[in-house]
Each structure stands twice: as C-alpha cells, then as structure tokens.
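Architecture and fold: a report
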Amino acid sequence: MPNGGLDEWDIARRGLRSISSPEIKSFWDGYIAHRRPVLIEHGSLYSRWRRVSDDLVISLYLTNRSVGLFVRGQRGERYRTTLNRLSGHEPQLGEALGASLSGYVGCCYLTNLPLPVTDPGSWPQAYAWLEEQEEFYHRVLNDLLKIP
C-alpha cells in the first residue's frame, strides 16, 4: 500500500466493525438526498457512479473506514484499457485532480477521506466531501478531456 496507508478494499476486521448492507443503503440514500439532483447510477453495494462520458465514470465508494472516488471506464472495461486511454492526458490531468493516475492499481486517480463510516455521525462530513470531490472531478474531466 502506498505510503503505508490503509487498504481501502479490505473491510477491516480489527478496530472498526464491518458496515452492514442496510447501513450502506442508508448511507447512499442519504448521499443522494444531500447532493444536487444529478443522475447517479448504482455501481455495486459499495459504490455509485457518476457518468462523465460514454466510456468514463467517476466511481464513488465507501468502506467501513473511508469514502472515496476514482475514475474508471464503462462497466466491463479493464483497468489497463482505462489507464492507457487516460495516460495520453498526463501529467496535466493528474496535476489538475491532485491524484495519481496509477497510484493505486485498479483505480485511476483514487482519492479518499478516512473516517469511520460505521458511525452515522460521520456521514454529513462524508456527504459534503464526496459531493465537493464529485463535482470537482466532473468539472476537471470535462474541461481537460474536452467532453461536450
């Protein structure tokens, strides 16, 4: 893991308890109600997707210990395909987003906010951060990739 950070895909069994399916649903329902009404799709239990173009989405996710987002291709597209397509926009895109294209294998431009998602008291902070980052990523991707 880069910089000794947490493995965000491993739901920790120590320290924080796992987050339940009903809690995850409540979190996403709350997030969708909180943010401005822009189409967001169901990615998986842990994620929601904001489409940027036909072949690019912003994947918002949660674990029991953080919320975050990264850029990915359409459903079924391999990470390497997305990585290769986006590498033509480096280093400008990475600098603009403040994130590394390949800093975390499998997730282009991953960034996250560590907080205990198992505590609903942390959700307002998570919602505000996710919405700000979602809008920022969408704007930067549209501007630098020249998406209409």
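These figures come from a predicted structure and were not determined experimentally.

**Thoughts on the pattern of salt bridges**
One pass over the full model with this rule turns up nine salt bridges. The partner of Glu134 in a salt bridge is Arg35, with the nearest N and O atoms 2.4 Å apart. In this pair, Glu134 sits in helix α4 (residues 123-145) while Arg35 sits in the loop between α1 (21-34) and β1 (41-44), placing the two residues 99 residues apart along the sequence. On the basis of relative accessible area, Glu134 is assigned to the buried category, the value being 0%. Assessed through its relative accessible area of 5%, Arg35 is described here as buried. Across the pair Glu77 and Arg85 runs a salt bridge whose closest N-O atoms are separated by 3.0 Å. Under the relative-accessibility criterion, Arg85 is labelled partly exposed at 29%. Connected through shared salt-bridge partners, Arg35, Arg36, Arg50, Glu134 and Glu135 make up one network.

**Notes on α1**
Compared with an ideal rise of 1.5 Å per residue, which puts 14 residues at 20 Å, α1 spans 20 Å between its outermost C-alpha atoms and is within 8% of the ideal. Along α1, the residues classified as buried are Glu23, Ile24, Phe27, Trp28 and Tyr31. Here the buried residues of α1 occupy an arc of 130° about the axis, which is enough to place them on one side. Away from its buried face, by an angle of more than 90 degrees, α1 presents the exposed residues Pro22 and Ala33. Those residues of α1 that are buried lie in contact with β2 (47-53), β3 (56-62), β4 (66-72) and α4.

**A short note on the side chain of Thr82**
Along the polypeptide, Thr82 turns up in helix α2 (residues 79-87). Here Thr82 is in contact with Leu56, Arg72, Gly73, Glu77 and Cys108, once residues within four sequence places are set aside.

**Some remarks on the environment of Trp49**
Mapped onto the elements, Trp49 comes out in strand β2. In this structure Trp49 comes out as buried when scored by relative accessible area, which is 4%. Linking Trp49 and Ser59, residues ten residues apart in sequence, is a C-alpha distance of 4.6 Å. Apart from the residues lying within four places of it in its own chain, the contact partners of Trp49 are Leu39, Ile40, Glu41, Gly43, Val57, Ile58, Ser59, Arg72 and Arg75. A distance of 3.4 Å separates polar atoms of two side chains, one belonging to Trp49 and the other to Ser59.

Rules of the game
Residues numbered from 1 in each chain as written. Predicted model: local features only at pLDDT ≥ 70, side-chain atom pairs only at ≥ 80, totals over all residues. Heavy atoms only, no water. Salt bridge = Lys/Arg side-chain N within 4 Å of Asp/Glu carboxyl O. Helix = DSSP H or I, 4+ residues; strand = E, 2+ residues; numbered from the N terminus. Buried < 20%, exposed > 50% of the residue type's maximum accessible area, 1.4 Å probe, protein only. Expected span 1.5 Å × (residues − 1). Arc of directions from axis to C-beta. Contact = heavy atoms within 4.5 Å. Polar contact = N/O pair within 3.5 Å; in protein donor to acceptor, adjacent residues only side chain to side chain.

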